[in-house]
Amino acid sequence: MRREIYNEDHEAFRETIRAFIESEIVPVYDEWLEQGIVPRDFYLKVGELGVFGIEIPEEFGGAGIDSYKFEAVVTEEMARAGVTLGGSAAHIPLCLHYILKHANEEQKGRWLPGMATGEMMFAIAMTEPGTGSDLAGMRTTAKLSEDGSHYVLNGSKTFITGGVNADRVIVCARTSAPSETDRRFGISLLVVDTKSEGYEVGRKLDKLGLRTSDTAELSFTDVKVPVEDLLGEENKGFYYLGQHLPRERLSIAISAYAQGAAAVQFAKAYTQDRQVFGQPVAAFQNTKFELAACKAKVDAMQAVADRALEAYDNHELSGADAASAKLFCTEAAADVIDRCLQLHGGYGYMNEYPIARLYADNRVNRIYGGTSEVMRSIIAKDMGL
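Now for a quick tour of the structure.

1. Examining the overall build of the chain
Secondary structure assignment for the chain yields eleven helices and ten strands. The C-alpha atoms of the chain give 21 Å as radius of gyration, which agrees with the globular expectation for 385 residues (21 Å, within 12%). Seen through its principal axes, the chain has C-alpha atoms that stretch 80 × 50 × 40 Å. Sorting the 385 residues of the chain into buried and exposed places 54% on the buried side. Look at the contacts in the chain between residues 6 or more apart in sequence, and 75% of them connect residues 24 or more apart. Only carbon and sulfur atoms are counted for the fraction: they give 51% of the accessible area of the chain, which is about 17800 Å².

Pasting the structure below:
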């Protein structure tokens, strides 16, 4: 199906990314899987290629392109090759626009050049043990010192993508008690230096999938955060989070679509090569029908993801529309990948085959960025229900 969202620049970029993945990631990917992390220095190569700087303004070392489409190309090519790029999934897709939109000029000058080069990797810490999607229930606190020079940060976070390799983490913390009418009031965003005294990286979590992603627990014990590192206005953090959740959910929808498309290609190649009862598995009617049904679902996911991507670039993607795109693409991709694994038979259960890793990697799409149940609630509320 012909796509209209990409132009010649995007396709030229796609060729560059594809070649980079084949030469720099595929040969070492098994090592990354075994280690459970992408080597920190590798992100400097990604920065040198210009991938991190596409949306960063030129005055801070980037290309200044106001579009998520190049990031979408990277996501598609990663899925096509059956690889992931670890904790960098938070660096630009999640964190960048918090800095672009809410940082002052002095802060941008300190942080954006390093973001572009990969010398300063970012993560964002929202979720806490026991709170899950209930961000308003967070207990991490940041109290202003008596002289007003810094905040004293205490608390813990979990499921933090990129938490091991991060140099700076956008930490959501309570700077004031919730109001009687709004329990979301009182949350602020602090850009915390991970080298600060009292800042600790706990366990690197042992996950079902996304094995190269350094997902970690973080703890803060009387961490001093200069007031100059407050992002935006005090007590407006929850509002800021709401502003940027559509981008996060768009990124997950695109990833799910890309994984579904990759699964079909993996299954097609495998069934054409695998011989059973004297003929390729692809020759059986059931195989043809299963792949055809999966291809139809991938086409539908592509249409939904592309529409959401175009809306985002036009600054028109609403929270409900992002939730709808995430819900549909993640649920559809799960079905497609499961059916494509089934076509591999027993080999589909072996981690040496990309379909097995894809099956595990995909599962979290229906959980992080807001569960499918939360997405349904958002959509229903938008419907007036």
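2. Notes on the packing of aromatic side chains
Remark: the centre distance and the inter-plane angle together describe each pair of aromatic rings, the angle taken between the planes. Within the structure shown, the criterion is met by eleven aromatic pairs. Ring centres 6.0 Å apart and planes at 75° place the aromatic pair Tyr 68 and Tyr 312 in the edge-to-face group. Here the residue Tyr 68 occupies a position in the loop between helix H3 (42–49) and helix H4 (69–81), and Tyr 312 occupies one in helix H8 (residues 285–313), the gap between them amounting to 244 residues. Looking at Tyr 68, the relative accessible area reads 2%, which means it is buried. Judged by relative accessible area, which is 16%, Tyr 312 ranks as buried. Among the aromatic residues, those joined into a ring-pair cluster are Phe 20, Tyr 29, Trp 32 and Phe 42. Across the ring face of Tyr 6, the terminal group of Arg 14 is positioned such that the distance to the ring centre comes to 5.2 Å.

3. Overview of the pairing of strand S3 (residues 150–160)
As paired elements, strand S2 (residues 141–144) and S3 share four bridges and run antiparallel to each other. Bridging from a neighbouring strand, Lys 143 pairs with Val 152 of S3. In this structure, the hairpin formed by S2 and S3 is closed by a connection of five residues, where Gly 148 is found at a positive phi of approximately 75°. Here S3 runs beside strand S7 (residues 216–226); their pairing, made up of eight bridges, is antiparallel. Following the sheet pairing, Ser 156 is matched in S7 by Ser 219.

4. Things to note about empty space enclosed by the protein
Summed over the entire model, instances satisfying the criterion amount to three cavities of 30 Å³ or more. Taken as a whole, the largest cavity holds about 40 Å³ of empty space. What lines the largest cavity is Val 51, Phe 52, Ile 54, Glu 55, Ser 67, Phe 70, Glu 71 and Ile 92. Taken together, the residues of the lining of the largest cavity sort by class into five nonpolar, one polar and two charged.

5. Details of the side chain of Thr 140
Looking at the element boundaries, Thr 140 is found in the loop between strand S1 (122–125) and S2. Separated by 3.3 Å, the side chain of Thr 140 and the backbone oxygen of Ser 156 make a polar contact. With sequence-adjacent residues up to four places away left out, Thr 140 is seen in contact with Glu 128, Leu 153, Asn 154, Gly 155, Ser 156, Lys 157, Cys 172, Ala 173, Arg 174 and Phe 220.

6. Points about the packing of helix H9 (residues 319–343) against helix H10 (residues 354–362)
The interhelical angle for the contact between H9 and H10, taken along N-to-C directions, is 155°, at an axis separation of 10 Å. Classed by the angle they form, the pair H9 and H10 counts as roughly antiparallel. For the pair H9 and H10, the sense of crossing is left-handed. Contacts between H9 and H10 involve Ala 333, Ala 334, Ile 337, Asp 338, Cys 340 and Leu 341 on the former and, on the latter, Ile 355, Ala 356, Leu 358, Tyr 359 and Asn 362. Broken down by class, the residue content of the contact of H9 with H10 amounts to nine nonpolar, one polar and one charged.

7. So, the layout of surface pockets
If a probe the size of a water molecule is rolled over the atoms, the empty space left behind becomes visible. For the second largest pocket, the calculated volume is near 500 Å³. As for the second largest pocket, its lining consists of 20 residues, and the residues nearest its centre are Arg 3, Tyr 257, Ala 261, Gln 265 and Gln 302. Sorting the residues of the lining of the second largest pocket by element identifies helix H1 (8–25), H4, helix H7 (237–273) and H8 as the ones contributing at least two each. Here the lining of the second largest pocket is built from residues that sort into nine nonpolar, two polar and nine charged.

8. Description of the nonpolar core
Within the largest apolar cluster, 89 residues are counted, with the highest numbers of intra-cluster contacts made by Ile 25, Ile 99, Met 115, Phe 122, Ile 170 and Leu 231. Among the elements that make up this core, the one with the highest residue count is H7 (13 residues). If near-sequence neighbours (up to four positions away) are discounted, Phe 122 is found in contact with Ala 90, His 91, Cys 95, Ile 99, Trp 111, Met 115, Ala 166, Arg 168, Ile 170 and Val 191. Counting residues in each nonpolar core, the second largest holds 18 residues, with Leu 153, Ala 166, Val 192 and Val 223 among its members.

9. Focus on a nonpolar patch on the surface
A contiguous nonpolar patch, built from Tyr 347, Tyr 349 and Met 350 and spanning about 360 Å² of accessible area, is present on the exposed surface. The topology assignment puts Tyr 349 in the loop between H9 and H10.

10. As for the environment of Ala 103
With respect to the helices, strands and loops of the structure, Ala 103 is situated in the loop between helix H5 (88–102) and helix H6 (105–117). Each C-alpha atom, one on Ala 103 and one on Gly 232, is 6.0 Å from the other, the two residues being 129 residues apart in sequence. When near neighbours in sequence (up to four residues on either side) are disregarded, Ala 103 contacts Tyr 98, Lys 108, Trp 111 and Leu 231.

Calculation criteria
- Residues numbered from 1 in each chain as written.
- Predicted model: local features only at pLDDT ≥ 70, side-chain atom pairs only at ≥ 80, totals over all residues.
- Heavy atoms only, no water.
- Helix = DSSP H or I, 4+ residues; strand = E, 2+ residues; numbered from the N terminus.
- Rg over C-alpha atoms; globule rule 2.2 N^0.38 Å.
- Buried < 20%, exposed > 50% of the residue type's maximum accessible area, 1.4 Å probe, protein only.
- Contact = heavy atoms within 4.5 Å.
- Areas by Shrake-Rupley, 256 points an atom, 1.4 Å probe, with all protein chains shown as cover.
- Phe/Tyr/Trp six-rings, centres within 6.5 Å; stacked < 30°, edge-to-face > 60°.
- Lys NZ or Arg CZ within 6 Å of the ring centre and 35° of its normal.
- Pairing = 2+ DSSP bridges.
- 1 Å grid on protein atoms, 1.4 Å probe; cavity = no way out; pocket = protein on both sides within 12 Å on 5 of 7 lines; lining within 4 Å.
- Points joined across faces, edges and corners; volume = space filled by probe spheres on them.
- Nonpolar A, V, L, I, M, F, W, Y, C, P; charged D, E, K, R; others polar.
- Polar contact = N/O pair within 3.5 Å; in protein donor to acceptor, adjacent residues only side chain to side chain.
- Axes fitted to C-alpha atoms, helices over the stretch in contact; angles between N-to-C directions.
- Parallel < 35°, antiparallel > 145°, perpendicular 65-115°, else oblique.
- Left-handed = near helix turned anticlockwise from the far one by under 90°.
- Core = buried A, V, L, I, M, F, W, Y, C linked by side-chain atoms within 4.5 Å.
- Patch = residues over 30% accessible without salt bridge, like charges linked within 9 Å, V, L, I, M, F, W, Y side chains within 5 Å.
- Salt bridge = Lys/Arg side-chain N within 4 Å of Asp/Glu carboxyl O.

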